[in-house]
Structure formats: C-alpha cells, structure tokens
There are 2 protein chains.
Amino acid sequence: MEKIPILKMGKYLLVTIQVDLYDRLAMNLESDLAEMITKTSARGVLIDISAVNIVDSFISRIIGNIAQMSRILDAHTVVVGMRPAVAITLIELGLPLTGVHTALNVEKGMDMLKKYVDDESMLLESEDYTDDSIN
Amino acid sequence: MEKIPILKMGKYLLVTIQVDLYDRLAMNLESDLAEMITKTSARGVLIDISAVNIVDSFISRIIGNIAQMSRILDAHTVVVGMRPAVAITLIELGLPLTGVHTALNVEKGMDMLKKYVDDESMLLESEDYTDDSIN
C-alpha cells in the first residue's frame, strides 16, 4: 500500500491510520492531505489513531507536521482514538504532541472541529474583517 | 494488526479497509461489526474500499456476509469508494456484489443511508406499527 485514504465528510477530512507509518507513506500522507485541504477547502482534519499500538518519535513528528501544515492552510487538526498505552508512551518518551488537539473519539473530535470553525467565523463576523490580529 | 477500527459517527458506523483482508482479520471485522451494531444501535454501516486495489471472491463474499448480517440487525450497508478497476474485476469474475448497495464516495453513501433510515421510519409511522409485512 502506498497511500492512506483521506475521506471527505462535509467540511472535514477524515484519516484513519491502520498501518505502520514508514517514511514514504508518511510523506505521501502529508502531501496528499495538503492537496486535499486546498482542493476541497476543508476546515478541519480528523486523524484517527485507534488502531495504532505503538507511537514513536517519528509518528509523533509526522502528526505535529500535519497539524502545522493544516494550520497554515486554515484547517484545524484533531487526533482521536488514542489508546491509553500510547498516551503513556508519548509522555514517557517526552513527546506530549504539543500544538495538536486531541479528543476521545471521532464524534467528540468532530464536535471540537465544528466548535473551532464556528468560533472563527463568529470572530470574523464580529470583527468585520478589520482586525489583522486574528490568527 | 488484528483489527480494523470501526468508527461511530452518529447513527452510522464507518469502516475503512486499507489492508488485505486475510481470514482472521475478516472474521474479526464481521464479529466486531455485529457487536458494534448491537452495542451502539447503529442504523447503517459504511464500508470504504477506496484503498483496495484487488478484490477477489473472498473479499466480495465477506462484504456480502457483512451486508446480510447488518440487515438482520436492522442496519443497512453501503460500500463506497470502489475503484474503476475493482468494479471491472468484480464483473469479470462474475461477482456483482448482489444485495450490497454502493455509492461513489463517503458523503453520497452517508446520504444514501440517511434516506434508507428516514424512509423506514416514515413507513413505520404511516403504517402505525400494525403491518407485519415490513421487512
């Protein structure tokens, strides 16, 4: 397999990671996601890692990169379905996934994304597009 | 990997098949799905096969089994994201996925499931639960 499928669900993109992310696969995922975000004008990316048993520094870096890249393209990233053991490993390895939002499951992650997107559009409306300080 | 993750999205369950379905994995998927449908009272199952390059008689039988099993548990099954080459292969092999609904992508599949579920509840309301002929 060379590609992880990216599913479009309304304004959001859903990615389920089921296999070990080796170098090329991870790079493909990054570039495919960047392309899909711009093509579909997606406002959020949901990454499900409930099938991932082992997380190392490589995967955690990839997730961080995806989150940063999405942010530049005006989309939020939420990681969902993390197993308890994975959370423990991440903290013990000193990789607390800084800058990445997390939620318990896909439904909660989707709610989180909706909230972010709604908050932003409300902010834009109330500021009437005149304030440059909006991130 | 021993399990394919099943994601709950509202009244529906979403399964993305990204790896080759060997015997045990397929059997696990069937039993996990049956369990999830009963546990979550799901009304529909969406199976995304956009990452599947090769479909043989085994996978097509598994998909057929899942659809029949879901139907008994009062849930509809829609297969989405089939590649053109896979569709050609299925027909050439004489495996037209009888009894399985298909849609182009996840969004259309979700619409299809919503329609089935809405139609059923309308039918039930109009018949006032008195007609035994409803399947």
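Model, not experiment: these values are computed from the prediction.

Enquirer: I tried to follow the side chain of B:T16 on my own but got confused; where do I start?
Expert: Summarising the element assignment, B:T16 is placed in strand β2 (residues 12–16). Exposure remark for B:T16: the relative accessible area of 2% places this residue in the buried category. Excluding its chain neighbours within four sequence positions, the residues that come into contact with B:T16 are A:P5, A:L7, A:T16, A:Q18, B:I4 and B:D48.

Enquirer: Any chance you could explain the confidence of the model for chain A here in plain terms?
Expert: Should the pLDDT be low somewhere, the predicted coordinates at that spot are not to be read in detail. Taken over all residues, the pLDDT of chain A has a mean of 88, while the share at 70 or more is 93%. Confidence metrics for the complex model read pTM 0.83 and ipTM 0.77.

Enquirer: Would you take a moment to explain the interface of chain A and chain B for this structure?
Expert: A common way to express how large an interface is: the accessible area buried when the components associate. Counting from both sides, the interface comprises 17 residues of chain A and, opposite them, 17 residues of chain B. Summing both sides of the interface, chain A and chain B together bury roughly 1,600 Å²; the carbon and sulfur share of this comes to 62%. Its largest share of buried area at the contact with chain B, chain A owes to A:L7, A:Q18 and A:E107, together 37% of the area lost on that side. Here chain A and chain B share two salt bridges between them. Of the charged contacts in the structure, one is a salt bridge between B:E107 and A:K8, with a shortest N-O distance of 3.2 Å. Broken down by secondary-structure element, the contributors of at least two residues to the side of chain A that touches chain B are β1 (6–9), β2 (12–16) and α4 (106–127) of chain A. Broken down by class, the residue content of the side of chain A that touches chain B amounts to 10 nonpolar, four polar and three charged.

Enquirer: Could you clarify how one ought to interpret the relation of the copies chain A and chain B in this entry?
Expert: Superposition of the two copies of the chain requires a rotation about an axis and a shift along the axis. For the pair chain A and chain B, the superposition axis carries a translation of 0.0 Å, the fit reaches an RMSD of 0.0 Å, and the rotation angle comes to 180 degrees. On the angle and the small slide along the axis, the relation comes out as a two-fold axis. Here 100% of the interface residues in chain A have copies in chain B that are interface residues too; the copies meet face to matching face.

What counts as what
Residues numbered from 1 in each chain as written. Chains lettered and ligands numbered in written order. Predicted model: local features only at pLDDT ≥ 70, side-chain atom pairs only at ≥ 80, totals over all residues. Heavy atoms only, no water. Helix = DSSP H or I, 4+ residues; strand = E, 2+ residues; numbered from the N terminus. Buried < 20%, exposed > 50% of the residue type's maximum accessible area, 1.4 Å probe, protein only. Contact = heavy atoms within 4.5 Å. pLDDT = per-residue confidence, 0-100. Buried area = accessible area lost by both parts, 1.4 Å probe. Salt bridge = Lys/Arg side-chain N within 4 Å of Asp/Glu carboxyl O. Nonpolar A, V, L, I, M, F, W, Y, C, P; charged D, E, K, R; others polar. Least-squares fit on C-alpha atoms with pLDDT ≥ 70 in both.

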